[in-house]
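Here is what each chain is made of, one letter per residue.
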Amino acid sequence: MGKKLFILLVVLMSLSLIGIIFVQSFFINNTYRNEEKQFTSDVKRSLFAVSKAIEDKELLSYNRLYKEAIENGRTPDTSEIKQLLIFESFNEETNQSVQFRNAISEESFKVPSLFIDIGTDSINISRISNFSETKIFDRNAIDGKLSLDPVQTFSDYSTMDDVGRRIFKENYKKVYSNYPVYKRITNEEVSELLESQFSISGIQTEFEYAIYDKDLSTKIRSDNFEKNVKTTIGIPVFKDNQNKSKYALYVDFPERREYLLSTILGMIVLSIVFTSIIILAYSSAIYQLIKQRQISQIKTDFINNMTHEFKTPIATINLALDSIKNPKIIGDQEKVMRYLRMIKDENKRMHAQVENVLRISKLEKNELNISKERVRLHDLVEDAVTHVELIVEDRKGYVKTHLDADKSSVLANETHFTNVIVNILDNAIKYSDDAPKIDVYTENVGTNVLLKISDQGNGMSKQVQKRVFEKFYREHTGNVHNVKGHGLGLAYVKRIVEDHQGHISVESEKGKGSTFIIKLPLIS
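Residues numbered from 1 in each chain as written. Predicted model: local features only at pLDDT ≥ 70, side-chain atom pairs only at ≥ 80, totals over all residues. Heavy atoms only, no water.

J.: When you look at the pattern of salt bridges in this model, what are you seeing that I'm missing?
T.: Opposite charge on two side chains permits pairing when their charged atoms draw close. For the coordinates displayed, the defined rule picks out 10 salt bridges. Of the charged contacts, one joins Asp379 and Arg376 as a salt bridge, the two residues approaching to 3.0 Å between their closest N and O atoms. Of the residues examined, Arg376 reaches a relative accessible area of 40% and is grouped as partly exposed. Within this structure, Arg33, Glu36 and Arg256 form a network of salt bridges that share partners. (Salt bridge = Lys/Arg side-chain N within 4 Å of Asp/Glu carboxyl O. Buried < 20%, exposed > 50% of the residue type's maximum accessible area, 1.4 Å probe, protein only.)

What follows is the structure in structure tokens.
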């Protein structure tokens, strides 16, 4: 995959992920706003119901007095004609005069305030009545005058309850208009009414309330009420005859946000879960793409190195074979044997490279059979040193051992663990531009033995140290072939050490050498 295509894919996938997260956030926020509006609407509807209930409760006591006065047939203290209508007609055929009268009167009663404490001994209530009367008089045929007594009389009397109640309601509102609110309703009554209405509306959260006289708080309030411009909801109560009021009932919900979020909690959880899955899948995909690009680059370097590694011995073998075929040389036994040794060495070198690749491949598939037995780590170190000491001496360097561990018995595979030490020593030699100077230390730490192999070579940067044990990884130094190898040695070392229940790490500084530390468990 090209670099431009890779960047394009990453950008498109990132934009898609950001878009999904934005849409989810917008949807959740919009749902929350709708829930908030519905909540406010439900609260206001409940408050209007409470306001009406408060007014009805107050009016109920007056209704009792009103009914008692009417039903007991009490004599009005005062009477007043509100409207009077008189109508008269003459019937020539019967020689009679018909007189119709209709009157609307208001009768006032003064009754004791038995049911409500309003600070007075009695209150005035009114009854509106309708009286209609029809009288028929005979007319004298001689002088045309009406008789003094009617021939017939029809009368009807009715109480106009609707009108009476309206006037009664207006009167009681006038009485209460300047009366202290705490004498009109109690905290307990307000709390019970609010709780009941909120329960009916499905609002199940704690609330605080207060009744304000204009902008001043009254005694009707809960202990922890605080008026908040953004969250407090209020409506007028105790309206007068002009539908105005100086009192307002306010409620506030301390846990309003938590309550609203709880109503959409399931949606939020599902959204977070699915968005997290998408982010995880996206991150994994990006990681795999980057990893694949790295592996592709590493494999390309590996193939280039392997090709270079094989070209040299193949060329050497071809030259040696061509030389042997030369008639002048084929008769020279010494030269023929020399060329044969060269062919054998180069063939052995290629075989070792192939074996190294196969060995790491088998380790990856857990197919490499590693049998372990009791061995002394010091013996393995000394054996490994003998494999490289001639090369070190040839380069005018040294390998010094400092085997200070009192106990060095471990459970290990002699061949593979010797290869581990040889690999590390070989790297110390290859990555030393000057004469290789190598020190090998052992020491006991608790129930473990530590093996430290230090060199004074080129060293590694922090970034290289993190990846030095990865398969195929090699540090780029401008010329990938300046040090022979194919990035499998230390990967093999790490797998073998871990298979022996050990641990390997590296400490290094660029230009000051490296120290590889292997920790293995001791056996008694």
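J.: For this particular structure, what's the right way to read the sheet that holds strand S14 (residues 503-508)?
T.: Pairing between sheet strands relies on hydrogen bonds along the backbone, with the strands arranged either parallel or antiparallel. If you walk across this open sheet you meet the five strands as S10-S12-S13-S15-S14, and the pairing is mixed. Since the sheet does not close on itself, it has two edges, and those belong to strand S10 (398-403) and S14, each with one partner. Averaged over all pairs of adjacent strands, the angle between strand axes in this sheet comes to 15°, irrespective of strand direction. Note that strand S13 (residues 448-455) and strand S15 (residues 514-521) share seven bridges and pair antiparallel. Across the sheet, the residue bridging to Leu450 is Lys519, located in S15. (Pairing = 2+ DSSP bridges. Helix = DSSP H or I, 4+ residues; strand = E, 2+ residues; numbered from the N terminus. Axes fitted to C-alpha atoms, helices over the stretch in contact; angles between N-to-C directions.)

J.: Would you mind going over the environment of Pro313 with me for this structure?
T.: Locating Pro313 in the fold gives a position in helix H5 (residues 265-325). With relative accessibility at 0%, the residue Pro313 sits in the buried group. Taking the C-alpha atoms as reference, Pro313 lies 9.2 Å from Met342; in sequence the two are 29 residues apart.

J.: What is the right way to read helix H3 (residues 187-200) from this model?
T.: Residues spaced three or four apart along an α-helix point in a common direction, a consequence of the helix completing one turn every 3.6 residues. Taking 1.5 Å of rise per residue, 14 residues should cover 20 Å, and H3 covers 20 Å from first to last C-alpha, within 8% of that figure. All of the buried residues along H3 are Val190, Leu194 and Phe198. Summarising the axial view, the buried residues of H3 lie within an arc of 55°, below the 170-degree limit, and thus occupy one face. Opposite the buried face of H3, at more than 90 degrees from it, the exposed residues are Glu188, Glu192, Glu195 and Ile200. With its phi angle positive at about 80°, Gly202 sits one or two positions after the end of H3. (Expected span 1.5 Å × (residues − 1). Arc of directions from axis to C-beta.)

J.: I'm lost on the sheet that holds strand S8 (residues 247-252) in this one. Help?
T.: With respect to topology, four strands assemble into an open sheet ordered S6-S5-S8-S7, the strand pairing being antiparallel. Sheet topology places strand S6 (216-221) and strand S7 (233-237) at the edges, where each strand pairs with a single neighbour. On average, each strand axis in the sheet is inclined to that of its neighbour by 30°, with strand direction left out of account. As paired strands, S7 and S8 are joined by five bridges and run antiparallel to one another. Counterpart to Gly234 in the pairing with S8 is Tyr250.

Remember, this is a structural readout, not a statement about activity or role.
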